[in-house]
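Here's the letter readout for the chains.
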Amino acid sequence: MADSSLIEQLKSLRWDVVQRVHGNAHHTLISLCVAWWISFGISLGKNYDAFEEFSDGGGGERGEGRGQCDAILCEGSVPIGMLEVEGILQRNPKRYYETMNKVARFLKSNMGDFEKLQFALVFLYPTGFADARPVITPERLAHAVQISKEAPGKKLLLVEIEKTYAQYPVGSIRARYSGTPRAARGMLIENGTVGTPVNYFRVGV
């Protein structure tokens, strides 16, 4: 069922909640994505399920070799998509490539039911006391496009959350959690072609 409308269907995710969670919102984003998937299934009259912290049993070290994603999104018990949420530290771009290579491993897998995977949903956000630079740079987007070319017929949905950073008084809770979501957009990449970006929210517009 994974057609191009998925990138539009993500508009129903609770972006109002995303805007109000500060700092590293990793677990919150996973929960919201899983809730979105199950609710989307209910709206279609289908039984969509999710299996969190799923490992393909490949072992290996943390990173691209371990084969563990944040969730497998299913129709019943049939894998339809995989979910990966990752915070990218601007001074450590290696993390982006590790994450995307792991996504590629799932999309290209021929292990059992994983052959039935139709899409990967990847949420990316900046971490640390960073500036407002985007996580998805032209070079990184080109890498995602190459992954898409190597997994023909599979859909890669990239969602980027932008944050704004400000200085707050010492002792303020905001001084420890200065990263505030300011915008989110998504794009669909299929067979090496990048679709038109979809804006989910932008604060102040």
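**Here's the deal with the side chain of Glu162**
Line of reasoning, step 1. As for its placement among the helices and strands, Glu162 is situated in strand β5 (residues 155–164).
Line of reasoning, step 2. On the basis of relative accessibility, which here comes to 15%, the residue Glu162 falls in the buried class.
Line of reasoning, step 3. Beyond its immediate chain neighbours, meaning those up to four positions away, Glu162 contacts Thr180, Pro181, Arg182, Ala183 and Arg202.

**Focus: the environment of Val194**
Line of reasoning, step 1. By the secondary structure assignment, Val194 is in strand β7 (residues 193–194).
Line of reasoning, step 2. The class for Val194 is partly exposed, based on a relative accessible area of 36%.
Line of reasoning, step 3. Each C-alpha atom of the pair Val194 and Leu156 lies 9.4 Å from the other, and the pair is 38 residues apart in sequence.
Line of reasoning, step 4. Once residues within four sequence positions are removed from consideration, Val194 is found in contact with Leu141, Val145, Met187, Leu188 and Ile189.

**Quick look at empty space enclosed by the protein**
Line of reasoning, step 1. In total, this model carries two cavities of 30 Å³ or more according to the counting rule given.
Line of reasoning, step 2. Taken as a whole, the largest cavity spans an internal volume of roughly 70 Å³.
Line of reasoning, step 3. Along the walls of the largest cavity sit Val18, Val21, Gly23, Ala25, Thr28, Leu29, Leu32, Tyr125, Ile161, Lys163 and Pro181, which together make up its complete lining.
Line of reasoning, step 4. Mapped by element, the contributors of at least two residues to the lining of the largest cavity are α3 (26–43) and β5.

**Description of the pairing of β5**
Line of reasoning, step 1. The element β5 is extensively covered by neighbouring structure, given that nine of its ten residues are classed as buried.
Line of reasoning, step 2. For strand β4 (residues 119–127) and β5, the ladder comprises six bridges, and the chain directions are parallel. Counterpart to Val122 in the pairing with β5 is Leu158.
Line of reasoning, step 3. With ten bridges joining them, β5 and strand β6 (residues 180–190) adopt antiparallel strand pairing. Bridging from a neighbouring strand, Glu162 pairs with Ala183 of β6.

**Observations regarding the confidence of the model for the protein**
Line of reasoning, step 1. With 84% of its residues at a pLDDT of at least 70, the protein reaches an overall mean of 86.
Line of reasoning, step 2. Taken element by element, the protein is modelled with least confidence in helix α6 (residues 173–176), mean pLDDT 62, and with most confidence in β7, mean pLDDT 97.
Line of reasoning, step 3. Note on residues 59–65: pLDDT under 50 across the span, and 14 contacts to partners over four residues away in sequence or across chains.

**Digging into the nonpolar core**
Line of reasoning, step 1. Leu10, Leu13, Trp15, Leu83, Leu121 and Phe123 are the most contacted members of the largest nonpolar core, which has 33 residues in total.
Line of reasoning, step 2. When neighbours within four sequence positions are excluded, Trp15 is seen to be in contact with Leu10, Phe123, Val159, Ala184, Tyr200 and Phe201.
Line of reasoning, step 3. Formed by 26 residues, the second largest nonpolar core is a distinct cluster that contains Ala104, Phe106, Ala144 and Leu158.

**Structural notes on the pairing of strand β2 (residues 68–75)**
Line of reasoning, step 1. Most of β2 sits inside the fold, with six of its eight residues counted as buried.
Line of reasoning, step 2. In terms of strand pairing, β2 meets strand β3 (residues 78–89) through five bridges, oriented antiparallel. When the bridges of β3 are listed, Leu73 appears paired with Gly81.
Line of reasoning, step 3. Connecting the antiparallel pair β2 and β3 is a turn made up of two residues, with Gly76 showing a positive phi of about 65°.

**Side note on the pattern of salt bridges**
Pairs may arise between side chains of opposite charge once their charged atoms sit close together.
Line of reasoning, step 1. What the rule picks out here adds up to eleven salt bridges.
Line of reasoning, step 2. Note that Asp16 is salt-bridged to Arg14, the shortest N-O span being 2.8 Å.
Line of reasoning, step 3. On the accessibility criterion, Asp16 (40% relative accessible area) is partly exposed.
Line of reasoning, step 4. In the salt-bridge network here, residues are joined through shared partners; they are Glu86, Lys94, Arg95 and Glu98.

Cut-offs applied
- Residues numbered from 1 in each chain as written.
- Predicted model: local features only at pLDDT ≥ 70, side-chain atom pairs only at ≥ 80, totals over all residues.
- Heavy atoms only, no water.
- Helix = DSSP H or I, 4+ residues; strand = E, 2+ residues; numbered from the N terminus.
- Buried < 20%, exposed > 50% of the residue type's maximum accessible area, 1.4 Å probe, protein only.
- Contact = heavy atoms within 4.5 Å.
- 1 Å grid on protein atoms, 1.4 Å probe; cavity = no way out; pocket = protein on both sides within 12 Å on 5 of 7 lines; lining within 4 Å.
- Points joined across faces, edges and corners; volume = space filled by probe spheres on them.
- Pairing = 2+ DSSP bridges.
- pLDDT = per-residue confidence, 0-100.
- Core = buried A, V, L, I, M, F, W, Y, C linked by side-chain atoms within 4.5 Å.
- Salt bridge = Lys/Arg side-chain N within 4 Å of Asp/Glu carboxyl O.

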